[in-house]
Amino acid sequence: MTDPLALMLIGLIVGGVCIAYWRVIVAVLALLVLGVFAVGLITVVESIQQLTQ
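Across its full length, the chain carries two helices and zero strands. Radius of gyration (C-alpha) of the chain: 21 Å, far over the 10 Å computed for a compact globule of 53 residues. Principal-axis analysis of the C-alpha atoms gives the chain an extent of 65 × 30 × 5 Å. Looking at the chain as a whole, 0% of its 53 residues qualify as buried. By element, 81% of the accessible surface of the chain is carried by carbon and sulfur atoms, the whole surface being about 4900 Å².

Below, the structure written as structure tokens:
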């Protein structure tokens, strides 16, 4: 069994880090979304180019 106080401490640390670095986390998530969107866009454009050839 894990100690409930240890779990609370871990939760507080994780929460504090998230609150302190939420801008960084949001920026990283936005970059990931943009990256996925760019890859999807590139694959769609390539498939359209292959169709039109």
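You can see G15 is positioned in helix α1 (residues 4-20). Taking the relative accessible area as the measure of exposure, G15 reaches 27% and is therefore partly exposed. As a C-alpha pair, G15 and S47 span 32 residues in sequence and 44 Å in three-dimensional space.

Moving on, we come to a nonpolar patch on the surface. A grouping of L9, I13, V17, Y21, V24, I25, V28, L29 and L32 is seen on the molecular surface, where their side chains present a nonpolar patch of about 840 Å² in accessible area. Elements that contribute at least two residues to the nonpolar patch include exactly α1 and α2 (22-52). The dominant element in the nonpolar patch, judged by the number of residues it contributes, is α2, at five residues. Its place among the elements puts V28 in helix α2.

Let us now look at the environment of L5. With respect to the helices and strands, L5 occurs in helix α1. On the accessibility criterion, L5 (61% relative accessible area) is exposed.

Conventions we followed
Residues numbered from 1 in each chain as written. Predicted model: local features only at pLDDT ≥ 70, side-chain atom pairs only at ≥ 80, totals over all residues. Heavy atoms only, no water. Helix = DSSP H or I, 4+ residues; strand = E, 2+ residues; numbered from the N terminus. Rg over C-alpha atoms; globule rule 2.2 N^0.38 Å. Buried < 20%, exposed > 50% of the residue type's maximum accessible area, 1.4 Å probe, protein only. Areas by Shrake-Rupley, 256 points an atom, 1.4 Å probe, with all protein chains shown as cover. Patch = residues over 30% accessible without salt bridge, like charges linked within 9 Å, V, L, I, M, F, W, Y side chains within 5 Å. Salt bridge = Lys/Arg side-chain N within 4 Å of Asp/Glu carboxyl O.

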